[in-house]
Amino acid sequence: MPELRKDPVVGRWVIIAAERAQRPSDFLRASSPRVESFCPFCPGNESATPREVLAHRQGGVGNGPGWTLRVVPNSYPALRIEGSLVREGEGLFDRMSGIGAHEVIIESPRHDRTLADFSDQELAELLGAWRERIVDLRRDSRFRTISIFKNHGEAAGATLSHPHSQLIALPIVPLRLREELEGCLRHYSDRERCIYCDIMRQERRDRVRVVYESEQALVLAPWASRSPFETWILPKTHASNFEDASPGDLLGTARALRAVLRKLDAALERPAFNFMLHTAPLQERGLPHYHWHIEILPSLTKAAGFEWGTGFHINPTPPEEAAEFLRRLDP
């Protein structure tokens with residue numbers, strides 16, 4: 001029997017279409033490896049990218065080989081850092097100048113690696129680089145939020161296969177984050193507790209949607225999963241801003257991220273996926289009602305007319321079944 005489930009944070013409804021239940025093998029797609037004649041992110045091609053704004057190196061000189069991780073401005077930025085922030089109205093319509101920052105985090109010098117191949121320490125180094133860039137960019141008073149995300153695989157929107165993630169600093173608080181903040185504040189106003197902390201308490205007690213747990217982090221399939229095998233990584237220590245996470249929490253999150261990516265690779269034969277860091281606005285620090293986290297969505301289904309027309313998502317795989325399947329895997 002299908003169910004309608006409501007996300008307890010943002011109030012979004014999804015349809016869990018159990019009668020359409022699909023096994024992991026139903027999502028497997030034959031794919032041909034992408035052939036790239038030239039990769040600007042590979043060592044030796046540093047001149048093909050803008051000059052780095054951050055690099056972790058074992059040798060060499062700046063903007064040359066010898067790095068283990070590089071951060072460079074995007075060559076085709078969605079927003080540009082140069083200029084003044086101008087807001088204008090035209091009748092009912094509002095606009096502002098396209099001010100922001102758009103950076104690429106080149107995660108490894110190895111073209112053929114994926115994050116699931118990284119060690120816990122290498123992933124912690126990557127999360128640390130995210131934090132370094134947030135701390136630097138929040139000094140710019142034009143920026144209100146920072147989005148860090150990864151598109152892995154062609155089906156998830158990746159245009160280059162070399163392992164990389166992206167960062168965009170925005171002069172506004174985007175709708176998705178604003179909905180989260182408002183939902184969290186409603187819960188906190190009623191109960192004086194963080195809703196994500198409450199979700200973790202309930203999920204740890206029930207266990208049916210827990211995928212992985214360590215001392216520092218919990219991985220779960222959310223109650224109102226939007227798509228098959230959606231997973232969230234929640235640090236157990238409450239913090240609203242990712243950049244305030246301790247080194248121990250970053251390492252624990254890295255360990256959880258590696259575990260769930262390896263489980264997804266084993267279950268779905270290295271699927272395309274998107275993941276996103278959710279963190280509080282830059283100038284809103286130490287919020288008792290918000291909790292930073294990472295959301296991972298494998299690219300297994302596509303939005304069609306019903307989804308676009310209603311804002312609903314149809315998920316053919318109940319999160320309890322997805323969590324049980326992933327929990328059993330120990331790659």
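The structure under discussion appears in the preceding block.
Bear in mind that the values here come from a model prediction, so they are computed numbers and not experimental data. (Residues numbered from 1 in each chain as written. Predicted model: local features only at pLDDT ≥ 70, side-chain atom pairs only at ≥ 80, totals over all residues. Heavy atoms only, no water.)

1. Focus on the overall build of the protein chain
Now for step 1: Within the protein chain, the regular secondary structure consists of six helices and 15 strands.
Now for step 2: Whereas a compact globule of 331 residues would reach a radius of gyration of roughly 20 Å, the protein chain reaches 20 Å, a difference of no more than 12%.
Now for step 3: Judged by the C-alpha coordinates and their principal axes, the protein chain covers about 60 × 50 × 40 Å.
Now for step 4: Intrachain contacts of the protein chain at a sequence separation of at least 6 include 68% that bridge at least 24 residues.
Now for step 5: A total of about 16,000 Å² of accessible surface is found on the protein chain, and carbon and sulfur atoms cover 51% of it.
Now for step 6: The centroid of the 43 positive side-chain charges in the protein chain is displaced by 1 Å from the centroid of its 45 negative side-chain charges. (Helix = DSSP H or I, 4+ residues; strand = E, 2+ residues; numbered from the N terminus. Rg over C-alpha atoms; globule rule 2.2 N^0.38 Å. Contact = heavy atoms within 4.5 Å. Areas by Shrake-Rupley, 256 points an atom, 1.4 Å probe, with all protein chains shown as cover. Lys, Arg positive; Asp, Glu negative; His and termini not counted. Charge placed at Lys NZ, Arg CZ, Asp CG, Glu CD.)

2. Quick word on the sheet that holds strand E7 (residues 101–106)
Now for step 1: Ordered in space as E3-E4-E7-E9-E8-E13-E14-E12-E11-E10, the 10 strands form an open sheet in which the pairing is antiparallel. Each end of this open sheet is capped by a strand with a single partner; those strands are strand E3 (54–57) and strand E10 (210–213). When the angles between neighbouring strand axes are averaged without regard to direction, this sheet yields 15°.
Now for step 2: Where E7 and strand E9 (residues 164–170) come together, six bridges link them in antiparallel fashion. Bridge assignment links valine 104 to a residue of E9, and that residue is glutamine 166.
Now for step 3: Taken strand by strand, helix H3 (residues 195–206) contacts E10, strand E11 (217–220), strand E12 (231–235) and strand E14 (293–298), and its axis lies near 75° from that of E11.
Now for step 4: The strands that helix H6 (residues 319–328) touches are E10 and E12; relative to E10, the one it contacts most, it runs at about 40°. (Pairing = 2+ DSSP bridges. Axes fitted to C-alpha atoms, helices over the stretch in contact; angles between N-to-C directions.)

3. Observations regarding the packing of helix H2 (residues 175–191) against H3
The packing of two helices is summarised by the inter-axis angle and the distance between the axes.
Now for step 1: Remark: H2 packs on H3, axes separated minimally by 9 Å, with the N-to-C direction vectors making an angle of 75°. Considering their axes alone, H2 and H3 lie roughly perpendicular with respect to each other. Of H3, the residues touching H2 (which contributes Glu180, Cys184 and His187) are Ile195, Tyr196 and Asp198.
Now for step 2: In the contact of H2 with H3, the residues fall into three nonpolar, one polar and two charged. (Parallel < 35°, antiparallel > 145°, perpendicular 65-115°, else oblique. Nonpolar A, V, L, I, M, F, W, Y, C, P; charged D, E, K, R; others polar.)

4. Digging into H6
Now for step 1: Residues Pro319, Glu320, Ala322, Ala323 and Leu326 constitute the buried set of H6. Seen end-on, H6 carries its buried residues on one side only, within an arc spanning 160°.
Now for step 2: In this structure, the buried residues of H6 make contact with strand E1 (3–6), strand E2 (13–16), E10, E12 and helix H4 (247–268). (Buried < 20%, exposed > 50% of the residue type's maximum accessible area, 1.4 Å probe, protein only. Arc of directions from axis to C-beta.)

5. Focus on the environment of alanine 266
Now for step 1: Mapped onto the elements of the fold, alanine 266 is located in helix H4.
Now for step 2: For alanine 266 and arginine 51, which are 215 residues apart along the polypeptide, the C-alpha to C-alpha distance reads 37 Å.

6. Things to note about the pattern of salt bridges
Now for step 1: Per the stated rule, a full pass over the model turns up 31 salt bridges.
Now for step 2: The residue lysine 236 makes a salt bridge to glutamate 213 at a minimum N-O spacing of 2.7 Å. Linking lysine 236 in the loop between E12 and H4 with glutamate 213 in strand E10, this pair joins segments that are 23 residues apart in sequence.
Now for step 3: Among the ionic pairs, arginine 226 bridges to glutamate 295, the shortest N-O distance being 2.6 Å. Of this pair, arginine 226 sits in the loop between E11 and E12 while glutamate 295 sits in strand E14, and the two are 69 residues apart along the sequence.
Now for step 4: In this structure arginine 226 comes out as buried when scored by relative accessible area, which is 10%.
Now for step 5: The buried category is assigned to glutamate 295, whose relative accessible area is 1%.
Now for step 6: A single network of salt bridges, built from pairs that share partners, joins Glu3, Arg5, Glu203, Arg209 and Glu320. (Salt bridge = Lys/Arg side-chain N within 4 Å of Asp/Glu carboxyl O.)

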